[in-house]
Each structure stands twice: as structure tokens, then as C-alpha cells.
Amino acid sequence: MAGTATPPVRWTNWAGNQHFHAPVLRPADAEETAAAVRDAATRGHRIRPVGSGHSFTALACTDGYRLQLSRPVTEATVDIGRRRVTVPAETTLHDLNDLLARHGLALPNLGDIDAQTVAGAIATGTHGTGSHLGCLSTTVVAFTLVTGVGEILHCDADEHPDVFAAARVSLGALGVLVDVTLQCVDAFVLHAHERPDSLTAVLGQMSTLVESHDHVEFFWFPYTDRVQVKTNDRVPLDDRPLPGWRRWLDDDLLANTLYGGLCRIGRALPTLAPTLTTVATRALTERRYTGRSDRVFCTPRRIRFTEMEYALPRENLPEALHALRRIVDGLPFRVLFPAEVRFTAADDIWLSHSHGRDSAYVAVHQYAGMPYEPYFRAFEAVATELGGRPHWGKLHWRDAESLAPAYPRFADFQHLRDRLDPHRVFTNPHLTTLLGP
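Quick caveat: nothing in here was measured; it's all calculated off a predicted structure. For every chain, the first residue of the written sequence is number 1, and numbering continues from 1 onward in sequence order. Local features in this predicted model are restricted to residues of pLDDT 70 or higher, and side-chain atom pairs are both shown and tallied only at a pLDDT of 80 or more, whereas totals for entire chains, interfaces and linings draw on every residue. Computation of side-chain values: all heavy atoms of the structure, hydrogens and water removed.

## Here we look at the overall build of the protein chain
Working step 1: In DSSP terms, a helix is any run of H or I states spanning at least four residues, a strand is any run of E spanning at least two, and both are numbered starting from the N terminus. Within the protein chain, the secondary structure is distributed over 14 helices and 20 strands.
Working step 2: Values of the radius of gyration come from C-alpha atoms, whereas the globule rule sets the reference at 2.2 Å times the count of residues to the power 0.38. Rg of the C-alpha trace for the protein chain: 21 Å, near the compact-globule value of 22 Å for 437 residues, within the 12% margin.
Working step 3: Once the C-alpha set of the protein chain is aligned to its principal axes, its extents read approximately 60 × 50 × 40 Å.
Working step 4: Each residue is assigned to one of three classes by its accessible area relative to the maximum for its type, calculated with a 1.4 Å probe on protein chains only: buried under 20%, partly exposed between the two thresholds, exposed over 50%. Out of the 437 residues in the protein chain, the part that is buried amounts to 57%.

## A short note on helix 10 (residues 317–330)
Working step 1: The span you would expect from a helix comes to 1.5 Å times its residue count less one. A rise of 1.5 Å per residue sets the reference length of helix 10, with its 14 residues, at 20 Å; its end C-alpha atoms lie 20 Å apart and thus fit the reference within 8%.
Working step 2: Taken as a whole, helix 10 has its buried residues at Leu317, Ala320, Leu321, Ala323, Leu324, Ile327 and Val328. Seen end-on, helix 10 carries its buried residues on one side only, within an arc spanning 165 degrees. Every exposed residue of helix 10 that faces more than 90 degrees away from the buried side is listed here: Glu319, Arg326, Asp329 and Gly330. In this description, the arc belongs to the directions extending from the helix axis to the C-beta atoms.

## Here we look at the side chain of serine 137
Working step 1: Considering the arrangement of structural elements, one finds serine 137 in the loop between helix 3 (118–124) and strand 9 (140–146).
Working step 2: With relative accessibility at 0%, the residue serine 137 sits in the buried group.
Working step 3: Note on definitions: a residue-residue contact is assigned when non-hydrogen atoms from the two residues lie within 4.5 Å. Here serine 137 is in contact with Ile122, Gly125, Arg168, Val169 and Ile349, once residues within four sequence places are set aside.

## Thoughts on the sheet that holds strand 15 (residues 226–235)
Working step 1: Strand pairing follows a simple DSSP-based rule, namely that at least 2 bridges must link the two strands. Taken together, 8 strands build an open sheet; the order of strands is 16-13-15-14-18-19-17-20 and the sheet is antiparallel. Strand pairing shows two members of the sheet lacking a second neighbour, strand 16 (287–292) and strand 20 (389–390), which therefore form its edges.
Working step 2: Against the sheet, helix 10 engages strand 14 (215–220), strand 17 (305–313), strand 18 (339–344) and strand 19 (359–367), with an angle of about 15 degrees to strand 19. A fitted line through C-alpha atoms represents every axis, and for helices the fit uses only the stretch in contact; the resulting angles, taken between N-to-C directions, go from 0 to 180 degrees.

## Describing the sheet that holds strand 4 (residues 47–49)
Working step 1: Strand order in the open sheet made by the 3 strands is 3-5-4, with parallel pairing throughout. Every interior strand has two partners, whereas the edge strands, strand 3 (24–25) and strand 4, have only one.
Working step 2: Strand direction decides the pairing type here: strand 3 and strand 5 (residues 65–67), joined by 2 bridges, are parallel. Across the sheet, the residue bridging to leucine 25 is leucine 67, located in strand 5.

## Some thoughts on the side chain of serine 131
Working step 1: Of note, serine 131 is situated in the loop between helix 3 and strand 9.
Working step 2: Take serine 131: its relative accessible area is 5%, and that puts it in the buried class.
Working step 3: Apart from residues lying up to four places away in sequence, serine 131 is in contact with Val210, Glu211, Asp214, Arg314, Phe343, Thr344 and Ala345.

## Things to note about the pairing of strand 13 (residues 189–198)
Working step 1: Burial runs high along strand 13: 9 of the 10 residues are buried.
Working step 2: When strand 13 meets strand 15, the two strands line up antiparallel, connected through 10 bridges. Paired with alanine 192 across the bridge in strand 15 is asparagine 232.
Working step 3: Relative to strand 16, strand 13 runs antiparallel, the two sharing 6 bridges. Residue pairing across strands places leucine 190 opposite glycine 291, the latter belonging to strand 16.

## As for the pattern of salt bridges
Working step 1: The term salt bridge refers to a pairing of a side-chain nitrogen on Lys or Arg with a carboxyl oxygen on Asp or Glu at a separation within 4 Å. One pass over the structure, following the stated rule, counts 19 salt bridges.
Working step 2: Its salt-bridge partner being aspartate 197, residue arginine 195 comes within 2.6 Å of it at the nearest N-O pair.
Working step 3: A relative accessible area of 16% places aspartate 197 in the buried class.
Working step 4: A network of salt bridges, in which partner residues are shared, links Glu307, Glu309, Glu340, Arg342 and Lys394.

And the structure:
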């Protein structure tokens, strides 16, 4: 095999629900990556590029070689005049955010964790919330891709435009992203407002709520009508920073330590789950603060869980949530985690969850070690009927036959995959299910 491979090493994702043993390849640059891919194609071997393991699906799993790029973020280049940054694809969002802040720049939107690599976040359609903003992949303006035949392609809207349109959300099926150029914005400050409310009230004012704020999300707590609403809006000054003690109290002690304790009790004594959820909602408080954008968007997540998320046509959100409440109440086991709702704008990326339509995302979770499959499958059936598309990095049970009608460019993606990876160097059983053989 071109390059040096380690003996087989065990890999486990963050949630602990996916794992495999495989030798690891660590190419130093695009040329070494291309050589490794050509060698794999010749030998009939498989390669899967692996990021930080924050997907819940088997996308990263392989019976061949695990490819791990490991260049430092210091190899990034920043074009302040054009507000663009080019980074190694394996750079974590956390390191990228710090790099941008040092140059007076920021990403226009982020999800609520920053541990993912840029390549992994792009490949799965990672998103934040904002009715006029797309997923992270919409900020990509160029990238370098090593294809399944070992060709190095530099892609943007003008050079290899079909590859550019498809590989911004590719599931790692088209090649290995080596570097990525992102369109940034000037650094900005957010004013965060978090408050408890009722699900009934929030759904009643949904359109106004979503359109009157830059970013809106809310969490619904099972067995109650209670939600926690979070809005983030741009402001000129960081004049209301959250005191360190309050951040520790809310984000570390309450949201992680104490809530984790309630979850452990609920796992041991499931009949207490509704009571514990009620206790948790009573602890919800209102708070307002300002801060650097990425530090407001992203929060620590130390409680382990499993997750499924569906992107729905925005107008179908109320029906989906009403069905979700009925599902939770009818389960033979208890649900210990809230459901999360977010919003994104339409885009033109072939396999983006928001391709061609404004979307509302509903994410359902279950505490690690608790049963989840009947719960997730029941909501998946509802979401599919409502035109939902599953988040590529989160659990679901869709296949190529059911996904093809959901994505207008699905067949185009399959044809491009045939061209870029004819030997299926980058495949695995999960991808075969999703995209076909």
C-alpha cells in the first residue's frame, strides 16, 4: 500500500455506537493521498477518510483502510480582503473559529458543537439555524478533491462545476477533500436570549418568531408542553458578556453535570422519566448575554446520546411535532432527551437536506444506553410521509430507493460517483445502502 499504514487500530465514534478495526494511512499532502488511492484501486482495497467521529451513522466505517489527514491549521491561508480562508480539510471547526477570530473574520452561521472537522461537517450537511442562512456547505467556494482514480481536482463554480455542485455534501463518496476554501464574513457579536415557553405558544407564533430573529431554535421536553427558546441576533457591541460563574453554572453544572445525573437516574428507573423531565423544565431560566459569534453558537456537549434528525418542508413542522408528541406518549419505554428544532434556507447543493426548499429540522435524541430504534423509526415514518430528508450524519434507515424521489439531483449524483470513483474505492456497506451499488 502506498504510504505507511499502521497495524489495525480500533476506532469508535463519539456516541459509541459505531466502531471498527482498520489500519490507518496518514498521507502528508494531496500527492501522497492520490498515490494511496491509486494503490488501493489497483489492489481492490477500500479507503474511508475519517474525521473526528461526530456522526452517528456508519459513514466512516470500513473493512479496508482508515485515512487520517493530520496537517496543522497553521497551513491555512487567509485572504482578509476577500474574507476567505483556505484550510486543511481535517481542521476542526473549533480551530477554524479561533483562526478566523484572530483575523477579524467569522463564519456566518454554525451548529451547536465545534468538534467536527471541516471535511466531515461539509460531507454530512452540518448546519446551524437561521431562516435566511444555509448549511455550512453553502459557505464553500472552492476545494481540492482526490478522486477514486487518484486524480487531484481543484474545484469551484467555474472549474469542474458539476463536482463543485455535488461534492459540497458528498458523504465522502466522491473522493477525499484535501483543502477547503470558505467564504467568511467580518467578525460579529451576537446577543443571545434564552427563555422558557410553551410549545403551543411557540407554534402559534412560529412564522413571526423565525422571521424576526437572525437565528432561532427551541427544545421541546417530552411529556410536557414546555420548550426552551433560544434566539441569537447580531448587535454592534459585546456589552453584556456572560460572567464566567454564570456560564459555568448554566453550561457545565446544570446542562451537563446535573442533567447528566437526571438522565442516569431515568435510565436506571425509567418510570421516573416524566417526573424528571418536569423537574428539568422547572430549572429552565431566562438569560440574556452577548459574545463572540462562535462562542454563542457553540456549547459544550459532554452527555452522550444517540440522535436522528430530519429536514422537513418548513410548513410541515407543526404536523410533525404534533405527531412526535403522540409517538413519545405511546412508546413502551421513556425518552430522556428533548427534541431540537432549527431552520435553514434553501440551497442548490445536490444532496443538501435543504436542496430547493426552506427547511425546518427536527432532531430527536435518546440518552446513551437507552432504547431508541422504535422511537426513531416511528418518527422517521412520519417525517418521510411529510417529505422529510434524513441528516446524513445522524441515524436513519432510508435506502437509495426511498431517497431518490426526495432529491431531484440524486441520479446525477450517482452518475458523477460512477465517473469519479468507478472502482468504489470509497464505498462501504452503509454507502451502498444509501446510494446503490
